[in-house]
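Now for the letters of each chain:
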Amino acid sequence: MNRFALSLLLLMLAGAMFAQPKLENKGDVAHLIVNGKPMLMIGGEMGNSSASTLDDVSRYFAHLNRLGLNTVLAPVSWELIEPQEGVFDMSTVDNLLTEARKNDLKVVVLWFGAWKNSMSCYAPEWFKRDTKRFPRAHTMDGMLVEEASSLSRNVLEADKKAFCKIMEYLRDNDKEQTVVMAQVENEIGMINVPRDYSDDATKLYNSPVPQSLTDYLNKKKKALHPYISEKFKPIGKNQTWAEMFGNGMYAEEIFQTWTYAKYVEEIASAGRAIYDIPMYVNVALNSR
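Residues numbered from 1 in each chain as written. Predicted model: local features only at pLDDT ≥ 70, side-chain atom pairs only at ≥ 80, totals over all residues. Heavy atoms only, no water.

Novice: With reference to specific residues and values, describe the packing of aromatic side chains.
Specialist: Within the structure shown, the criterion is met by 15 aromatic pairs. Through a chain of ring-to-ring contacts, the aromatic side chains of W78, W111, W126, F127, F134 and F163 assemble into a single cluster. Here the basic side chain of R195 rests over the ring of Y205, its NZ or CZ set 4.5 Å away from the ring centre. (Phe/Tyr/Trp six-rings, centres within 6.5 Å; stacked < 30°, edge-to-face > 60°. Lys NZ or Arg CZ within 6 Å of the ring centre and 35° of its normal.)

The structure is reproduced here in structure tokens:
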């Protein structure tokens, strides 16, 4: 092999080694590409607090390896990586990387940020205590609930800063592509009420639906889920949420979903600007 061919091969190998995991579309199918090769996940999931200590991670990862799995969905809790505001501790993330490599596992990071099972219970203590700076959503009668407000810029910026610190750490410390994907927040959604009834939320609910959403729904009208298609009634300009989706619980849920979607999109975009791995979100669905 001549020197040019050898150099080209080394460059190709280096590119595959240091490129981030990605989704590659082939027709209507998306393939997960890790270290330059398609990967089929055979995955297990950790319990909510099972990744809190090195001993737990070591024990559970060894068990998952014995089961023949190749991937684990593992929580990373905001309260553990930023116990004091602005002071970050990535030891729990490092534990995941170290033990996953020992046990020949890949990791999907599950970000317990502002919401976990809709509640803000895995956020740091300094965040929970300061409800003035980091406001909560409200019930119809004005009572605060445990869910952080999806409309608060302070909530979003604090959450985003912590998530981006994780992405920076992975970018700088995971050349092996141990982490192949990230879930942004966990089971977001209001519980017991369809939307936030704070003054800010109510003002926004009674304002026109964003044109970007109206345009998107019109463009995708034939492909909409029947649930949305049935309720989407664009009959004029500057319609409020109630006017466009029907005055009731479902219009309120669609409004609340939009606020969560905008929030998560900003966090995911900021994270991918640092370390561009596949990201996704899941939601909590009430029994109704």
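Novice: Hey, could you go over the packing of helix α4 (residues 91–102) against helix α6 (residues 153–173) for me, with residue numbers and the actual values?
Specialist: The N-to-C vectors of α4 and α6 enclose an angle of 35°; their axes lie 11 Å apart at closest approach. In this structure, α4 meets α6 at a crossing whose hand is right-handed. Residue-level inspection shows V93, D94, L97 and R101 of α4 in contact with α6, the latter providing Y169, L170 and N173. Among the residues making up the contact of α4 with α6, the classes are represented as four nonpolar, one polar and two charged. (Axes fitted to C-alpha atoms, helices over the stretch in contact; angles between N-to-C directions. Helix = DSSP H or I, 4+ residues; strand = E, 2+ residues; numbered from the N terminus. Left-handed = near helix turned anticlockwise from the far one by under 90°. Contact = heavy atoms within 4.5 Å. Nonpolar A, V, L, I, M, F, W, Y, C, P; charged D, E, K, R; others polar.)

Novice: Got a sec to walk through a nonpolar patch on the surface? Specific residues and values, please.
Specialist: Together, Y227, M249 and Y250 make up a nonpolar patch on the protein surface, roughly 240 Å² of accessible area in all. Tracing the backbone through its elements, the reader meets Y250 in helix α11 (residues 249–274). For Y250, a relative accessible area of 35% corresponds to the partly exposed category. (Patch = residues over 30% accessible without salt bridge, like charges linked within 9 Å, V, L, I, M, F, W, Y side chains within 5 Å. Areas by Shrake-Rupley, 256 points an atom, 1.4 Å probe, with all protein chains shown as cover. Salt bridge = Lys/Arg side-chain N within 4 Å of Asp/Glu carboxyl O. Buried < 20%, exposed > 50% of the residue type's maximum accessible area, 1.4 Å probe, protein only.)

Novice: An account of the nonpolar core is requested, with residue identities and associated values reported.
Specialist: Of all hydrophobic cores here, the largest spans 53 residues; its most connected members are F61, W78 and M167. Among the elements that make up this core, the one with the highest residue count is α6 (nine residues). Residues within four places of F61 in sequence aside, it is in contact with M46, V72, L96, E99, A100, N103, L105 and V107. A201, L224, W241 and M244 belong to the second-largest nonpolar core, a separate cluster that totals 15 residues. (Core = buried A, V, L, I, M, F, W, Y, C linked by side-chain atoms within 4.5 Å.)

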